[in-house]
Structure formats: structure tokens, C-alpha cells
Amino acid sequence: MSESNPIADLQALEKEALAAVKSAQDRESLEEVRVMYLGRSEGRLSAILRGLSQVPVERRPEVGKSANAVKERVSTALEARQSELVAPSAESELDLTMPGRSRWRGGLHPITQAVDEIWHIFRDLGFARARGPEADTVWYNFEALNTPLDHPAADEQDTLYLVDSVLLRSHTSPVQMRTMEANEPPIRIIAPGWVYRRDTYDATHTPAFMQIEGLVIDEGITFVDFKATLAEFARRYWGPDTQVRFRPSYFPFTEPSAEVDVKRIITRPDGTQYETEWLEIMGSGMVDPNVIANAGYDPERYTGWAFGMGPGRIAMLKHGVQDLRTFFENDIRFLEQFAR
Ligand code: PHE
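Conventions we followed
Residues numbered from 1 in each chain as written. Predicted model: local features only at pLDDT ≥ 70, side-chain atom pairs only at ≥ 80, totals over all residues. Heavy atoms only, no water. Helix = DSSP H or I, 4+ residues; strand = E, 2+ residues; numbered from the N terminus. Buried < 20%, exposed > 50% of the residue type's maximum accessible area, 1.4 Å probe, protein only. Patch = residues over 30% accessible without salt bridge, like charges linked within 9 Å, V, L, I, M, F, W, Y side chains within 5 Å. Areas by Shrake-Rupley, 256 points an atom, 1.4 Å probe, with all protein chains shown as cover. Salt bridge = Lys/Arg side-chain N within 4 Å of Asp/Glu carboxyl O. Lys, Arg positive; Asp, Glu negative; His and termini not counted. Charge placed at Lys NZ, Arg CZ, Asp CG, Glu CD. Pairing = 2+ DSSP bridges. Axes fitted to C-alpha atoms, helices over the stretch in contact; angles between N-to-C directions. Near = heavy atom within 4 Å. Polar contact = N/O pair within 3.5 Å; in protein donor to acceptor, adjacent residues only side chain to side chain. Contact = heavy atoms within 4.5 Å. Domains from an automatic or database assignment. Parallel < 35°, antiparallel > 145°, perpendicular 65-115°, else oblique. Left-handed = near helix turned anticlockwise from the far one by under 90°. Nonpolar A, V, L, I, M, F, W, Y, C, P; charged D, E, K, R; others polar. Expected span 1.5 Å × (residues − 1).

A. Here's a closer look at the overall build of the chain. Along its length, the chain carries 12 helices and 12 strands. Looking at the chain residue by residue over its 340 residues, the buried ones come to 40%.

In C-alpha cells form, the structure reads like this:
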């Protein structure tokens, strides 16, 4: 180095070092460049700094500062080049024959799919969709539905109360009354939604579950309309050979009441067929005249039918799922089997 101009030496060194960094083609040669210029003992910058003692005292601060700045810039260039070399180059690492990675697509939950399919069938039969609040009053959930508060269903053992007279609805039937109040007959609605009960969490019960309410109110509606509509629904949902059975039952808000079962005929892949067990799909009945009167309609003039269906059970059956809880654990390995 020329004693007269250490700053010029530093500038020349920087230029050379930066060019060497740029032309390094792999990490090893880059490391060699680093050692050659910035290496602690043999590095050329270190040599210049060691030579500082030869520089006149008054120039030392200026030269020292400049040397540090050069070191800084060369280090930065080394790091930048390093990360360029770490990223795989297109030709060396990309195997164009590798299968593509499939892109994750979300899907509808199997119970949501069942609700949609069921609702679409009723929509095609002329029903409208209705909804009501999940937190509702004891009036809508029980009393308006002809269910006195000392009925076991209204008990705190079974129903989740929020405050005295407000609860998490235990069925979708309160939508019956809310719909009748807000409309005039004829009424034909389907109301899917969440309902809540104090149930133990087991293979067939969850404290929150889906129900689908159906309600028809008009002049001259009889049980025959109900049977025909339900049979048509079952054939459209499960196939033309599906059988439907009505069993007498009891609900405070329907008279008479019935539970509806379906039996399916399944065709195996080899063409042979078998019948399933009877599956209970809903509670139902002719709307009690007291309920019609509570809605402000004349029960002598209007009659109707209603049902409450369990799409969770229907989805279990459809997919051969044995434990209802698997629908709610959100294990993606389970749920993605139903993605469509
Ligand atoms: N709400 C009843 C239940 O939750 C079902 C039902 C609805 C029965 C409508 C009759 C009419 O079990």
C-alpha cells in the first residue's frame, strides 16, 4: 500500500472485493472471498488496518473510519450473495416430472350438506326458508307450544337457561310461532338451525345439534297431506324404493303426533339388494288447535302439520358414521372425506 494514500488503497480493495463477491458461484468460493478480504489474520483489510501505525497520527481516525465502512459494505454484499446462493437455482433443484402438490380446498361440513340437500327438496316442493333466534323465551320455546313449564322438557335438567325466562332453544319449534305471528296463512316453511339441550356428550348425543323444523298451515290441511309430502321427501332424498312408516307418539304441540321412520333399499356394487333397519328421522304431527289459537289464528278455520327432523342422524346414516361426536371434533382427516 502506498503510504501516501491509504484511502485510495481502501477504495481499490473495496472495488475488488465486491467484484469477487459478485462472481462467486457457490458457497465455498464465497467463503474463500470472505477469508481473503475480511479474514482476521490473513485478510487484506486486516493488513491495511495493521498498517495504520505507519499512517501519520492526524490521519488515522479518517483512515480507520473509512476502513470500517469498507468492511461494513463488503460484509453486507457477502450476506446478500450468500442468501442468493442458498436459494436453489431453478435448473438444479426443480424436478419437472414430480407430481403437483394438490391445493387444499375447503368443503361444506357433512351435516351442512345434509341440511342443504333436505332444504332443497322442500324448496322444490314449494316451501320457504325461515329462521328464529337461538336464545329465545320460555314463551316461544314452551308455553306458546302448549307445553306447561312443569313439563319435564322445561326442567333445568334438560334445558339450558340463560336467565329466568330466556333459554337456549331446545328445539326449532319456536320458529313455528314466530313465523305464524309474522305471516298470514297459507304457511309452508322449513327452518333449519342449532338447538341446545343438557345432554351428556356421547355417541348419539351432543349438547348442541341441528334440527330442521317444517310447518304447513292452511285451510283444509289434513294428515293425508303430511303423509304424502313426507313420502315424497323420502323418495327424493333416499330413492324411489324408500318406505315410510308413521308411529303414534306424543308431543304437547301436536295432536295426533307421530314419529316417522324410513327403511331404505340399498343396492350393493354386485347388484344384489338389502333392506336397512327402520330409521327414525323425525317427530311430527297435526299442529294442536291451542297452538294455532296462540298464534292468533282461528283453529276452526286453519289446520296444519309440523315436524322436527334430525339432520345429524341422517348424515350419520348416510355416511355410515357410528359416533356423532366425530362430526364435531373438527379432525380434518375425518371431515375431508366428505369434501365436495
Ligand atoms: N320439537 C320436537 C322435538 O324436538 C319435534 C317436533 C316438531 C314434533 C314438530 C312435532 C312437531 O323433538
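B. Up close: a negative patch on the surface. The grouping of Asp 155, Glu 156, Asp 158, Asp 164 and Asp 199 at the surface amounts to a negative patch. By the element assignment, Asp 199 lies in the loop between β5 (187-196) and β6 (208-219).

C. Representation of the sheet that holds strand β4 (residues 166-168) within the structure. One open sheet accounts for 3 strands, arranged β2-β4-β3; its pairing is antiparallel. For this open sheet the edge positions go to β2 (135-137) and β3 (161-163), each flanked by a neighbour on one side alone. In this sheet, neighbouring strand axes are inclined to one another by 35° on average, regardless of whether the strands run parallel or antiparallel. In this sheet, β4 lies alongside β3 in antiparallel orientation, the contact comprising 2 bridges.

D. Inspection of the site of the ligand at higher detail. The immediate surroundings of the ligand are formed by 14 residues, with His 171, Ser 173, Arg 197, Gln 211 and Gly 308 found nearest. A distance of 2.9 Å separates a nitrogen atom of the ligand from a polar atom in the side chain of His 171. The contact in question runs from an oxygen atom of the ligand to an N or O atom on the side chain of Gln 211, over 2.9 Å. Isolated, the ligand exposes 320 Å² of accessible area, and the fraction of that covered by the protein chains is 91%.

E. Region of interest: the environment of Phe 246. Inspection of the secondary structure puts Phe 246 in strand β7 (residues 243-251). With 12 residues separating them along the chain, Phe 246 and Ala 258 place their C-alpha atoms 5.8 Å apart. Among residues more than four places away in sequence, those in contact with Phe 246 are Phe 223, Phe 226, Lys 227, Leu 230, Ala 258, Glu 259 and Val 260.

F. Layout of the sheet that holds strand β12 (residues 302-309). Strands sit in the order β1-β5-β6-β12-β11-β8-β7 across an open sheet of 7 strands; the sheet is mixed. A strand with exactly one partner marks an edge of an open sheet, and here the two such strands are β1 (128-129) and β7. On top of the sheet, helix α9 (residues 223-238) reaches β7, β8 (254-263), β11 (279-287) and β12; it is set at about 130° to β7, its chief contact.

G. Highlighting the domain arrangement of the chain. As far as domains go, the chain holds domain 1 (6-92) and domain 2 (110-338). Placing a centre on the C-alpha atoms of domain 1 and another on those of domain 2 gives a separation of 78 Å.

H. View of the packing of helix α1 (residues 6-23) against helix α2 (residues 27-38). It is the contact of α1 with α2, at a shortest axis distance of 9 Å, that shows an interaxial angle of 165°. Classified by the angle between their axes, α1 and α2 sit roughly antiparallel to one another. Like other packed secondary-structure pairs, α1 and α2 cross with a definite hand, here left-handed. Between α1 and α2, the residues in contact are Leu 13, Glu 16, Ala 17, Ala 20 and Val 21 and Leu 30, Val 33 and Tyr 37, respectively. Looking at side-chain class alone, the contact of α1 with α2 contains 7 nonpolar, no polar and 1 charged residues.

I. The arrangement of the side chain of Gln 211 in detail. Among the secondary structure elements, Gln 211 is positioned in strand β6. Of note is the side chain of Gln 211, whose polar atom sits 2.8 Å from the backbone nitrogen of Thr 172. Apart from the residues lying within four places of it in its own chain, the contact partners of Gln 211 are His 171, Thr 172, Ala 191, Pro 192, Gly 193, Val 195, Arg 197, Met 309 and Pro 311.

J. Structural context of helix α4 (residues 60-86). Across its 27 residues, α4 extends 39 Å between first and last C-alpha, which sits within 8% of the 39 Å expected from 1.5 Å per residue. All of the buried residues in α4 are Val 63, Gly 64, Ser 66, Ala 67, Val 70, Val 74, Leu 78, Arg 81 and Leu 85. Tucked into the core, α4 has its buried residues touching α1, α2 and α3 (44-50).

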